[in-house]
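Architecture at a glance
For reference, the chains in residue letters:
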Amino acid sequence: MHALDLTLPTLAENLALDEALLLDAEAGGPEALRFWEWASPAVVIGAGGKWAEEAHVDDCRRDGVPIVRRASGGGAVLLGPGCLVFSLVLAYEHAPVLADLHGSYRWILGTIADALAPLAPGIAPAGISDLAIAGRKCSGNAQQRKRTHLLHHGTLLCSFDLTRIPVYLAHPPREPAYRERRPHLDFVTNLDVPVARVKDCLGSAWHVDEPLADWPRDVVNTLCRQKYDCPEWHQRR
């Protein structure tokens, strides 16, 4: 497993890099664990999400908070200081369970929960694609799947300003049963763990053995030109 701790200058480039790592692996490149962070609030909506249903669009525009779209599914998330984004690119042959969508979520999230348990006692998978502590969500996750590899990426709330979430995110149109219609501030929680320690735990859990020195720059540029720099992509629903 190769490690890449890299935040690129624009949201478009960061979204593109996650997908580029997946496409590179499909073409024979390595499995990878990437970390990145974003320094100001930004709403990221899933590939099939609708702006009006998942974000408070007028409030985002008023405060200059961008709304962008990723290529994986799932619901909207709010990025910002104290929110760590991790991205895993795994070959299906890495573990047989990865070939099954729900099984892959259980296995990946279980591995992450076991790694973080010494720092965040009680952390466990919840719903299909979350991690939670005592029933309160601290991580949302999504996947993009190809023929031989998957991209599993998610957020980990380490020391995030939770009060920003209801300002920019609407109550989700679909929610896991364990949420029980709770509003954002009754549903989410921080790990209260330094980002650096979280990175170390995940790197050990996924047996990272060397840095990814040659990441797919040309693919990132192509994806930005074709998709992530295009308002039509982000605003299509």
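If you're wondering where the values come from, they're calculated on a predicted model, not measured in any experiment.

It is worth spelling out the overall build of the protein chain at this point. When helices and strands are counted, the protein chain shows nine helices and 11 strands. Relative to a compact globule of 237 residues, whose C-alpha radius of gyration would be 18 Å, the protein chain shows 17 Å and is just as compact. Looking at the protein chain as a whole, 56% of its 237 residues qualify as buried. Within the protein chain, residue pairs in contact and separated by at least 24 positions form 73% of the contacts whose partners lie at least 6 positions apart.

Reported here for the largest pocket is a volume of approximately 940 Å³. Contributing to the lining of the largest pocket are 49 residues, with Gly74, Gly75, Ala76, Val77 and Lys137 lying nearest its centre. If you list the elements that add at least two residues to the lining of the largest pocket, you get helix H1 (11–26), strand S5 (77–79), strand S6 (83–91), strand S9 (136–145), strand S10 (149–157) and helix H6 (184–187). Here the residues of the lining of the largest pocket are counted per class, giving 25 nonpolar, 16 polar and eight charged.

Now for unusual backbone geometry. One non-glycine residue with positive phi stands out, namely Ala134, at about 50°. Examined against the element boundaries, Ala134 turns out to sit in the loop between strand S8 (130–133) and S9. Positive phi values are uncommon outside glycine, yet Asp192 reaches one of about 55°. Locating Asp192 in the fold gives a position in the loop between H6 and helix H7 (195–205).

Turning our eyes to something else, we now look at the nonpolar core. Judged by nonpolar contacts, the single largest core of 54 residues is most densely connected at Leu17, Val43, Ile67, Leu79, Trp215, Val220 and Tyr228. With nine residues, the top contributor of residues to this core is H1. Sequence-distant contacts of Ile67, defined by excluding residues within four places in its chain, comprise Val43, Ile45, Trp51, Ala55, Val57, Cys60 and His234. Counting residues in each nonpolar core, the second largest holds 34 residues, with Leu88, Tyr92, Leu98 and Leu119 among its members.

What follows concerns the environment of Ala3. Checked against the element boundaries, Ala3 lands in strand S1 (residues 2–5). With relative accessibility at 24%, the residue Ala3 sits in the partly exposed group. In contact with Ala3, other than residues within four places in its own chain, are Leu33, Val208, Glu210, Pro211 and Leu212.

Turning our attention to the pairing of S1. Of the two faces of S1, only the one carrying His2 and Leu4 is buried; Ala3 and Asp5 on the other face are not. In the sheet, S1 pairs with strand S11 (residues 210–211) via two bridges, with the strands oriented parallel. Bridge pairing in S11 links His2 to Glu210.

Here we come to the pattern of salt bridges. Evaluated as defined, the whole model comprises 10 salt bridges. We note a salt bridge from Glu19 to Lys227, for which the minimum N-O separation is 3.1 Å. Of this pair, Glu19 sits in helix H1 while Lys227 sits in helix H8 (residues 217–228), and the two are 208 residues apart along the sequence. Accessibility assignment for this pair places Glu19 and Lys227 in one class, buried.

Time to look at the packing of helix H4 (residues 101–116) against H7. In contact at an axis separation of 9 Å, H4 and H7 are set at 125° when each is read in the N-to-C sense. In terms of their interaxial angle, H4 and H7 are classed as oblique. Note on packing geometry: the crossing formed by H4 with H7 is right-handed. When H4 is examined against H7, the residues Thr111, Ile112, Ala115 and Leu116 are found in contact with a partner set consisting of Val198, Cys201, Leu202 and Ala205. Of the residues contributing to the contact of H4 with H7, the split by class is seven nonpolar, one polar and no charged.

With that out of the way, let us pick up H8. Compared with the 16 Å implied by 1.5 Å per residue over 12 residues, the 14 Å span of H8 between its first and last C-alpha is markedly short. For H8, the full list of buried residues reads Val220, Leu223, Cys224, Lys227 and Tyr228. All buried residues of H8 lie within an arc of 105° about the axis, which places them on one face of the element. Summarising the geometry of H8, the exposed residues directed more than 90 degrees from the buried face are Asp218, Arg225 and Gln226. Of the surrounding secondary structure, the elements contacted by the buried residues of H8 are H1, strand S4 (67–69) and helix H9 (231–234).

Rules used in this analysis
- Residues numbered from 1 in each chain as written.
- Predicted model: local features only at pLDDT ≥ 70, side-chain atom pairs only at ≥ 80, totals over all residues.
- Heavy atoms only, no water.
- Helix = DSSP H or I, 4+ residues; strand = E, 2+ residues; numbered from the N terminus.
- Rg over C-alpha atoms; globule rule 2.2 N^0.38 Å.
- Buried < 20%, exposed > 50% of the residue type's maximum accessible area, 1.4 Å probe, protein only.
- Contact = heavy atoms within 4.5 Å.
- 1 Å grid on protein atoms, 1.4 Å probe; cavity = no way out; pocket = protein on both sides within 12 Å on 5 of 7 lines; lining within 4 Å.
- Points joined across faces, edges and corners; volume = space filled by probe spheres on them.
- Nonpolar A, V, L, I, M, F, W, Y, C, P; charged D, E, K, R; others polar.
- Core = buried A, V, L, I, M, F, W, Y, C linked by side-chain atoms within 4.5 Å.
- Pairing = 2+ DSSP bridges.
- Salt bridge = Lys/Arg side-chain N within 4 Å of Asp/Glu carboxyl O.
- Axes fitted to C-alpha atoms, helices over the stretch in contact; angles between N-to-C directions.
- Parallel < 35°, antiparallel > 145°, perpendicular 65-115°, else oblique.
- Left-handed = near helix turned anticlockwise from the far one by under 90°.
- Expected span 1.5 Å × (residues − 1).
- Arc of directions from axis to C-beta.

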